[in-house]
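Breakdown of the fold
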Amino acid sequence: MANLTSAPVIEAKSSPVAGPERRMPVPAAPERLGSLDAFRGFVMLWIIGGEGLMAGLASLGHNRVIEAVVYELNHSPWQGLRFYDCIWPSFMLMVGVSVPLSIAKRSLTQTYQQQLAHAAKRALVLFLLGSVRESVLLGSPYLIELSSALQPIAIAYFVVVLVARKSWRFQAGLGAAILAAYALVLAFIRAPGIAAGSYALNHNLVHWVDIALLGQAHWDRWPYANEGWGTVLSTIPTISTTLLGLLIGELLMSARSKKGKAKLIGGIGLGCLAIGYGTSFLVPVVMKMWTATYGLMSAGCACLMLLLFYWVIDIRGYRKWAFPLTVIGMNAIFIYVFTSLVHLDAIVDVFTRELARFLPTSEMLFQKVVVLAVEWCILFWMYKRRIFLKA
């Protein structure tokens, strides 16, 4: 993306996304998307306490609706797609959406080389934060832990920044090529003792590559080994979801009407779902291998969720209800790492466990409510003082 001058203009790309080629005026600083902050906060809410809150409600007694929600707030054991399986891809998508907005803002004061240096630094910090988070959680040093979100986000973010100045056709083609190539590799490349096209738990090419590159010792002491999480090879297709986010971010910055943008985002989301579902009889939907069908369907779900927030907040103008989510979304990285390193449950339990004497079934619910409230109050304090910690 070209640097913006004091009288900024950008050249819209000739594409279905950005419209016919022409020069058009844009604001000196791109308008902040309230829907993006709220969507980020909504997704992060389930990680930092929403899941536990629903489990607390379920502990009160049998309720089909609550139990259905709790079911969706757990990862699929292997094949299938649940809401919780779409959280990580949602973040990958949002990272891509934010890149053109960030570049447009930084182009006002930075050269392209300075922007690349900033992106490289940010990617490195994110990667190391992922190492610290997983090492603390797992109780052992893990420099490379690509089955967690931060490190794949760091890699995909930097790749997307590198191609952000390319045409939308190049970006879309690269995203499709990565996903297709990954699917073909899994389908046609064998490994010792593993047939081509195997998607079985811990008996597939992704698993074999992890053992070959990280070592059996790493796998043997890794707590998630029995769950079949892929690391090295399955990081590659996450870039496609982030590239899709980049295209959507460029769409949102284009001169199209907001309703026109919404229709395109909806079409993209439905298209991804249709293609993913339609090919799932050939390639199973497996999050822990990030199969191509999983990548498509989860990206489609993320697009439709973003569309909902965009329609309600940025098109219809209903913003006030989303404030609690925005407070979370504005400091998402901080609260993600904070809740991993500081376990508030143990602290809060000192005060809430006495409740069990009077309301035994409510102890878990009360604890989760208090933990979530404390977390939100910390974020609100930061928000009021405009403390926004970013990598």
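One numbering rule holds for all chains: residues counted from 1, following each sequence as written. Selection of residues for local features in this predicted model requires a pLDDT of at least 70, selection of side-chain atom pairs for listing and counting requires 80 or more, and totals for whole chains, interfaces and linings are taken over all residues. Computation of side-chain values covers all heavy atoms of the structure but excludes hydrogens and water.

**Quick look at the environment of Trp88**
Heads up, the condition is: Note on conventions: DSSP H or I runs of at least 4 residues are helices, E runs of at least 2 residues are strands, and numbering of each starts at the N terminus. Categorising residues by exposure relies on relative accessible area from a 1.4 Å probe, with only protein chains included: less than 20% of the type maximum marks a residue as buried, more than 50% marks it as exposed, and the intermediate range marks it as partly exposed. Note on definitions: a residue-residue contact is assigned when non-hydrogen atoms from the two residues lie within 4.5 Å.
Tracing the backbone shows Trp88 in helix α3 (residues 87–106). A relative accessible area of 11% means that Trp88 is categorised as buried. With 168 residues separating them in the primary sequence, Trp88 and Arg256 have C-alpha atoms 29 Å apart. Sequence-distant contacts of Trp88, defined by excluding residues within four places in its chain, comprise Leu146, Ser147, Ser148, Ala149, Pro152, Trp229, Met287 and Trp290.

**Some remarks on the nonpolar core**
For clarity, the threshold we go by: By nonpolar core we mean a set of buried residues, namely Ala, Val, Leu, Ile, Met, Phe, Trp, Tyr and Cys, connected to one another through side-chain atoms within 4.5 Å.
If you look at the biggest cluster of nonpolar residues, it comprises 96 residues, and the most contacted ones within it are Phe39, Phe42, Met44, Trp46, Val99 and Ile248. Ranked by the residues each element gives to this core, the list is headed by helix α11 (residues 292–315), at 13 residues. Beyond its immediate stretch of four places on either side in the chain, Phe42 contacts Phe83, Met305, Phe309 and Leu325. Judged by nonpolar contacts, the second largest core, of 13 residues, contains Tyr182, Leu186, Leu205 and Met289.

**So, the packing of helix α5 (residues 150–163) against helix α9 (residues 238–252)**
Which entries qualify depends on this criterion: Each axis is a line fitted through C-alpha atoms, and for a helix only the stretch in contact is used; angles between axes span 0 to 180 degrees, taken between their N-to-C directions. Oblique is the label for every angle not falling under 35 degrees (roughly parallel), over 145 degrees (roughly antiparallel), or within 65 to 115 degrees (roughly perpendicular). Here a crossing is called left-handed whenever its near helix is offset anticlockwise from the far helix by less than a right angle, and right-handed whenever the offset is clockwise. Note on residue categories: nonpolar means Ala, Val, Leu, Ile, Met, Phe, Trp, Tyr, Cys or Pro, charged means Asp, Glu, Lys or Arg, and polar means any other residue, Gly included.
Two numbers describe how α5 lies on α9: the axes approach to 9 Å, and their chain directions differ by 50 degrees. Here α5 is positioned oblique relative to α9, judged by the angle of their axes. Every pair of crossing elements has a handedness; the one defined by α5 and α9 is right-handed. Here Pro152, Ala156, Val159, Val160 and Val163 of α5 come into contact with α9, specifically with Thr238, Ile239, Thr242, Leu243 and Leu246. For the contact of α5 with α9, the residue count by class is eight nonpolar, two polar and no charged.

**Let's talk about a nonpolar patch on the surface**
Just so we agree on the cut-off: The patches reported here contain residues having more than 30% relative accessible area and no salt bridge. Joining distances are 9 Å for like charges and 5 Å for nonpolar side chains (Val, Leu, Ile, Met, Phe, Trp, Tyr). Note on areas: these come from Shrake-Rupley sampling with a 1.4 Å probe, and a residue is covered only by the protein chains present in the view. We define a salt bridge as a contact between a side-chain nitrogen of Lys or Arg and a carboxyl oxygen of Asp or Glu at a distance within 4 Å.
A surface patch of nonpolar side chains, about 600 Å² in accessible area, is lined by Val132, Val136, Leu341, Val342, Ile347, Val350 and Phe351. It is helix α14 (residues 344–352) that contributes the most residues to the nonpolar patch, three residues altogether. As for its placement among the helices and strands, Val136 is situated in helix α4 (residues 112–138).

**Considerations on the side chain of Glu250**
Our working rule: Pairs of N or O atoms within 3.5 Å make up the polar contacts considered here, provided that, within protein, one atom can donate a hydrogen while the other can accept it, and that residues adjacent in sequence are counted only when both atoms are side-chain atoms.
Checked against the element boundaries, Glu250 lands in helix α9. In this structure Glu250 comes out as buried when scored by relative accessible area, which is 11%. Side-chain polar atoms of Glu250 contact the side chain of Gln171, separated by 3.0 Å.

**Digging into the confidence of the model for the protein**
It should be kept in mind that the predicted coordinates are not to be read in detail where pLDDT is low. To be explicit about the condition: Confidence of the predictor in every single residue is expressed as pLDDT, which spans 0 to 100.
Chain-level pLDDT for the protein is 88 on average; 92% of the residues reach the 70-or-more range. The element-level mean pLDDT for the protein is lowest in strand β1 (residues 9–12), coming to 36, with α11 highest at 98.

**Things to note about the packing of helix α13 (residues 332–341) against helix α15 (residues 363–384)**
Relative orientation of the contacting elements α13 and α15 amounts to 140 degrees, with a least axis distance of 11 Å. By the angle between their directions, the pair α13 and α15 is classed as oblique. α15 is crossed by α13, and the crossing has right-handed handedness. Between α13 and α15, the residues in contact are Phe334, Ile335, Phe338 and Thr339 and Glu375, Ile378, Leu379 and Met382, respectively. Each residue belonging to the contact of α13 with α15 can be placed in one class, and the counts come to six nonpolar, one polar and one charged.

**Considerations on unusual backbone geometry**
Residue Asn202 is not a glycine yet carries a positive backbone phi of 55 degrees. One non-glycine residue with positive phi stands out, namely Arg386, at about 55 degrees. Position of Arg386 among the secondary structure elements: in the segment after α15. You can call Arg386 exposed: its relative accessible area is 66%.

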